[in-house]
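# Fold and geometry: a report
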Amino acid sequence: MDSEPSLEAVGQALHALYNNPDVSGKEKASVWLGELQRSVYAWQIADQLLRLHQSMESCYFAAQTMRTKIQYAFHELPPASHTALRDSLLEHAGKINAETQPVIVTQLSLALADLALQMASWKDASLDLIQKFGGNPHQMSFLLEVLTVLPEEVNSRSLRLGANRREEITKEFLKASPMMLQLLTAVIEDPSCDEKNQIKVFRCLGSWFNLGVIPEHDIVNSKLLMVPFQVMSNNGCPNMLHEAAADCIVSALYSCYNCQEQLLLSQKLYQGVVTLMEPYHMSVAMEDTDKSMNYCRVFTELAETFLEPMVTTPTQGLGDLSVLELLLTCVGHHLYEVGEISFNFWYRLSEELYQRSVQEITDVFKPYIQRLIVALCRHCQIEPDHEGIPDENDDFGEFRLRVSELIKDVVFIVGSSQCFTQMFENIKTQTENTSWEVIEASLFVMTAVAKNLLPEENEIVPLVVKSILSMPPTAHLAIRYTSIKLFGELCEWTEKHAEYLDAILQFLLAGLQEKTLSTAAANSLQCISTMCREQMVSHFQGLVQIVSALETFQLSNDAAIGLLKGTATILAQFPHDKIADGLRQLCTFQLLPLSKLIEEPMNNPKQGSPHDPTKWLDRLAAIFRYVNPKVTNGQVHPCKPVIQEQVWPVLSRACDKYQGDVRITERCCRCIRFAVRCLGKQSADLLTPLVSQMISLYQSHQHSCFLYLGSILVDEYGMEAACQPGLLHMLEAFCVPTFKLLEEHNGLRNHPDTVDDLFRLCLRFVQQSPISYLQCGMVEPILRCAIAACSLDHKEANASVMKYLSDFLMCATKKEEKDDFPLRQKAVKALLNDHGQALVHALINACIFCLPTFMTTDFGEVIFELMKIDRPTFCRWLETTLKALPKSNSGGAVTATHKQLTDFHKAVTSAEHYKEVSQALRDFTRLYR
């Protein structure tokens, strides 16, 4: 927007946005208003609209604009204008009354809060606000809103306040806390305080608890602390108020993360939570599920807060295990959604017990976990009138999946065998009249723990297997479905008990014939084929017949691929002279339909259509991925003739035909990749035609999968001196169009897969043929590209760049036993002479301004390797980079003091391990975000 628009123009655009029946008119208005909000003129326009107060729409737009400008574009304002902006916002806030729309109040509150947090010259903002608005009942709603969002915005990523400013703000909050508590107490005790204001009080108190800025001695002596418990104890309490009170208690408990240091508050909260047991039972009796869930949230947070004392000193003090009784009561609720709230606690409990590995303590929790599993089994029962198999994609199916994961996590506490036995007892004790859903749920839990059973187990599992195998054909479909899945999970046990293999296979083959059971049967057949591959050799031809008829079964493509995986794994056990025939059979079933599709005139088939070749490509890839026969030196690979004579010509034609379709090309490359990996060095005859075709296709279509396939070839042949010139030629041919693509506007961000695969390719060169790579003409532009890509906030792509840089730098530090170390070191140092400073600048600035904290570990490794090459020079590069960093932010707050900069420099340059560098980076970046 080149010039400031008139208020009349803004008013017309807002009218069009909210009132114009013409959709295109609305869209034009929306685009124009968006441009206005991004422009520098938005500040003045928003202020004027708020003053005019013409309509709800204009006031909302103005308040929302003001909020987003302060949040994202505060740097546009000169520091001298900050005070005027504050005074203007306070003036607008002063005009808020009972008629002001809540959305406008919220946006103005956020605008004022974000300004207060960023404006370093506004000291004690929360105290100022309390003093300015606390005496006016008409302003109370707004004041409570501001005091709520202030702590919430402290850790906002978009504000990037920095650790120093956050520390300063926290001290101000602690100072203001007594007055805030006094204000909230006065509001809640006022006879005229309605539900709306009570909710606001609880939200505000919870917000300050979450930030940890309420001193313990202030809150434990305040009558305010018990008010949420009193509200939750009232059965007639409105639901929204009940939820707000629960949220407040949960926040209070969350603030006691170190309950031993906040003993008084922890004890007082514990006493309050215990009083909620009776109201919980009342909510169950009254079938008020929302309230039951609120109670369960509170009980769960109490358990999580006291987790450490529970596992350190169970049954003593804060480790009182009656908290678990509260949770198990909730898990016993007739609705699974209530008990599900507690799942995170059970995960954490199992993790703590597993890490500590003290059997005496683990045994203390055994009876609780047994009761938990029994309750979960009951919740997993399908409705009695359900027909067919369980739906794994609806809400209940997803709940059962979470139950399965939870049981796998906690079962070590009670023992897998004992759990399995307990579930079998459920089935055994059932009478003929017992509902089928009880049996199915027990089998479901057994399936969750089956993999953890010792393969040598010889008491319960045989009884279970015999029981399933003797099941009548009239058994409910869901029982047969879960039994099939159980057999898949018992594959390790079956390998040690081959006498049951034939009967189990017959059971699975019967399931394969039924539409609803076929996919589960195929998956279990895959598990057994893979695990029992030696015992399955005699069944290979039977599996080939199944593979030949895959299209007649109602299988998902993933299940069909799984069957091929199992079959290919068995084939690899055959003598070499038999493998080629078996492989030819398996491949022919895929190649014939694929060849027919290639002959068709259609080049861009729709995904999933009958003309889509990806189904056959995926199946071929699965075959080559899992046929891995052992080949000794001098032996011809048994798969070589099939791949060279039958498979490669078809795949080559597929690459040409579908070159414009990235989805299909990726599948072709994946298939070729596994074929090359299967043959290893014996794929050499394919190297020249493959590389030529890849180079040719990449000039027209920059599909990154060609770069990835190139990295596979370098991995296989990079150490072969005769292959290096051709591979380097491939790299150069790839780099020219790749750099052109990445140099476009936002090229790196728009093509993260290309970045990822390019640096995987370069990494393989560094690992397999470092000298020839370091001496080639592309190494310098690739390094420049890597420096530019340091700031790319794509996890996988950035990790590949960092791994490349790390291994590239290791060429100058890792001597190994090779005599080319001096050449490697010289080449790397020469490149760093020109680009070392730029690399350090890019690494540090990317960590501070562009990337999430978890990505700094990789950067620490690169910096550490860089430092090992020439520590004194690196020290100078780092010092130059740190001197160029901004000393304060747009709000005038100090980002990093001279001492903090010096400490960081010292921490990095004196580090003896890359983890120390990563930790220093993590601590340092907090100063800027």
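About the cut-offs
Residues numbered from 1 in each chain as written. Predicted model: local features only at pLDDT ≥ 70, side-chain atom pairs only at ≥ 80, totals over all residues. Heavy atoms only, no water. Helix = DSSP H or I, 4+ residues; strand = E, 2+ residues; numbered from the N terminus. Buried < 20%, exposed > 50% of the residue type's maximum accessible area, 1.4 Å probe, protein only. Areas by Shrake-Rupley, 256 points an atom, 1.4 Å probe, with all protein chains shown as cover. Disulfide = S-S within 2.5 Å. Phe/Tyr/Trp six-rings, centres within 6.5 Å; stacked < 30°, edge-to-face > 60°. Lys NZ or Arg CZ within 6 Å of the ring centre and 35° of its normal. Core = buried A, V, L, I, M, F, W, Y, C linked by side-chain atoms within 4.5 Å. Contact = heavy atoms within 4.5 Å. Salt bridge = Lys/Arg side-chain N within 4 Å of Asp/Glu carboxyl O. Expected span 1.5 Å × (residues − 1). Lys, Arg positive; Asp, Glu negative; His and termini not counted. Polar contact = N/O pair within 3.5 Å; in protein donor to acceptor, adjacent residues only side chain to side chain. Axes fitted to C-alpha atoms, helices over the stretch in contact; angles between N-to-C directions. Parallel < 35°, antiparallel > 145°, perpendicular 65-115°, else oblique. Left-handed = near helix turned anticlockwise from the far one by under 90°. Patch = residues over 30% accessible without salt bridge, like charges linked within 9 Å, V, L, I, M, F, W, Y side chains within 5 Å. Charge placed at Lys NZ, Arg CZ, Asp CG, Glu CD. Nonpolar A, V, L, I, M, F, W, Y, C, P; charged D, E, K, R; others polar.

## Section: the overall build of the protein
Counting its regular elements, the protein contains 49 helices and 0 strands. C-alpha extents for the protein along the principal axes are approximately 95 × 80 × 65 Å. Across the 929 residues in the protein, those meeting the buried criterion constitute 55%. Of the roughly 40900 Å² that the protein leaves accessible, carbon and sulfur atoms contribute 51%.

## Here we look at the state of the cysteines
Disulfides are covalent bonds that connect the sulfur atoms of two cysteines. Taken as a whole and judged by the stated rule, the model has 0 disulfides. Counting only cysteine sulfurs, Cys237 is the nearest neighbor of Cys193, a cysteine outside any disulfide, at a range of 12 Å. Residue Cys193 is classed as buried on the basis of its relative accessible area, which comes to 16%. Note on Cys380: no disulfide assigned, nearest cysteine sulfur contributed by Cys377 at a separation of 6.8 Å.

## Quick word on the packing of aromatic side chains
Pairs of aromatic rings are described using the distance from one ring centre to the other and the angle between the two planes. By the definition in use, this model includes 23 aromatic pairs. When the ring of Tyr698 is compared with that of Phe734, the centres are 4.9 Å apart and the planes differ by 70°; the resulting orientation is edge-to-face. You can see Tyr698 sitting in helix α37 (residues 684-700) and its partner Phe734 sitting in helix α39 (residues 724-742), a full 36 residues away along the chain. Geometry around Phe133 places Lys132 over its ring, the cationic atom sitting 5.8 Å from the centre. The ring of Phe444 carries the charged tip of Arg400 above its face, separated from the ring centre by 4.1 Å.

## Some remarks on the side chain of Thr494
Within the element layout of this structure, Thr494 appears in helix α28 (residues 491-496). Assessed through its relative accessible area of 1%, Thr494 is described here as buried.

## Some remarks on the nonpolar core
In terms of nonpolar packing, the biggest core is built from 335 residues, with Trp346, Tyr773 and Tyr804 touching the most fellow members. In terms of residues, this core owes the most to one element, helix α45 (residues 821-849), which gives 12 residues. The residues touching Trp346, leaving out its near neighbours within four places in the chain, are Leu324, Leu327, Leu328, Val331, Ile369, Leu372, Leu406 and Val410.

## Observations concerning unusual backbone geometry
Despite not being glycine, Asp124 shows a phi value in the positive range, around 50°. With respect to the helices and strands, the residue Asp124 is situated in the loop between α6 (102-118) and α7 (125-133). Take Asp124: its relative accessible area is 18%, and that puts it in the buried class. Even without glycine at this site, Ser357 takes up a positive phi of about 50°.

## Let's talk about the pattern of salt bridges
Counted by the stated rule, this structure contains 44 salt bridges. Salt-bridge contacts for Arg67 lead to Asp114; the nearest nitrogen and oxygen are separated by 4.0 Å. One end of the pair, Arg67, is in helix α4 (residues 56-72); the other, Asp114, is in helix α6, and 47 residues separate them in sequence. A residue is classified by how much of its surface remains accessible, and Arg67, at 15% relative accessible area, is buried. Residue classification places Asp114 among the buried positions, given a relative accessible area of 0%. The partner of Arg760 in a salt bridge is Asp756, and the shortest N-O contact between them spans 3.2 Å.

## Quick notes on the environment of Ala896
Looking at the element boundaries, Ala896 is found in the loop between α47 (871-883) and α48 (898-909). In this structure Ala896 comes out as buried when scored by relative accessible area, which is 4%. Not counting chain neighbours up to four residues away, the residues in contact with Ala896 comprise Asn164, Lys887, Leu901, Leu927 and Tyr928.

## What to know about helix α8 (residues 140-153)
The end-to-end C-alpha separation of α8 is 20 Å, in line with the 20 Å expected for 14 residues at 1.5 Å each. Summarising burial for α8: 12 of the 14 residues are buried, a large majority. Buried residues of α8: Met140, Phe142, Leu143, Leu144, Glu145, Val146, Leu147, Thr148, Val149, Leu150, Pro151 and Glu153, and no others. On its buried side, α8 packs onto α4, α5 (82-94), α6, α7, α9 (163-189) and α10 (195-211).

## Structural notes on helix α23 (residues 395-414)
A rise of 1.5 Å per residue sets the reference length of α23, with its 20 residues, at 28 Å; its end C-alpha atoms lie 28 Å apart and thus fit the reference within 8%. Those residues of α23 that sit buried are Gly397, Phe399, Arg400, Val403, Ser404, Leu406, Ile407, Val410, Val411, Ile413 and Val414. One or two steps after α23, the chain reaches Gly415, where phi turns positive at roughly 95°.

## Things to note about the side chain of Asp661
Here Asp661 lies in the loop between α35 (640-657) and α36 (662-679). The charged side chain of Asp661 is buried without a salt bridge, its nearest counter-charge being Arg663 at 4.4 Å. A distance of 3.0 Å separates the side chain of Asp661 from the backbone nitrogen of Arg663, its partner in a polar contact. Here Asp661 is in contact with Asn604, Pro605 and His703, once residues within four sequence places are set aside.

## Observations regarding the environment of Leu36
For Leu36, the location among the structural elements is in helix α2 (residues 23-38). Sequence spacing of Leu36 and Leu205 is 169 residues, and the spatial spacing of their C-alpha atoms is 37 Å.

## Points about the packing of helix α27 (residues 477-489) against helix α30 (residues 518-531)
Taken N-terminus to C-terminus, the directions of α27 and α30 make an angle of 15°; their axes are 8 Å apart at the nearest point. With respect to α30, the axis of α27 lies roughly parallel. Crossing handedness for the pair α27 and α30: left-handed. Contacts between α27 and α30 involve Tyr481, Ile484, Lys485, Phe487 and Gly488 from the former and Ala520, Ala521, Ser524, Cys527 and Ile528 from the latter.

## Re the environment of Gln139
Inspection of the secondary structure puts Gln139 in the loop between α7 and α8. Gln139 sits 384 residues away from Asn523 along the chain, and the two C-alpha atoms are 64 Å apart. Setting aside residues no more than four positions away along its own chain, Gln139 makes contact with Ala93, Gly94, Ile96 and Phe133.

## Thoughts on a negative patch on the surface
Among the surface-exposed residues, Glu337, Asp391, Asp394, Asp395 and Glu398 lie close enough to one another that they form a single negatively charged patch. Judged by its relative accessible area of 41%, Asp391 is partly exposed.

## Considerations on the packing of helix α43 (residues 779-789) against helix α44 (residues 795-810)
Relative orientation and spacing of two packed helices are given, respectively, by the angle between their axes and the distance between those axes. The interhelical angle for the contact between α43 and α44, taken along N-to-C directions, is 130°, at an axis separation of 10 Å. Here α43 lies oblique to α44, going by the angle between them. As α43 packs across α44, the resulting crossing turns out to be left-handed. In this structure, α43 uses Val779, Ile782, Leu783, Ala786 and Ala789 to contact α44, whose residues at the interface are Asn798, Val801, Tyr804, Leu805 and Phe808. When the residues that make up the contact of α43 with α44 are grouped by side-chain class, the tally is 9 nonpolar, 1 polar and no charged.

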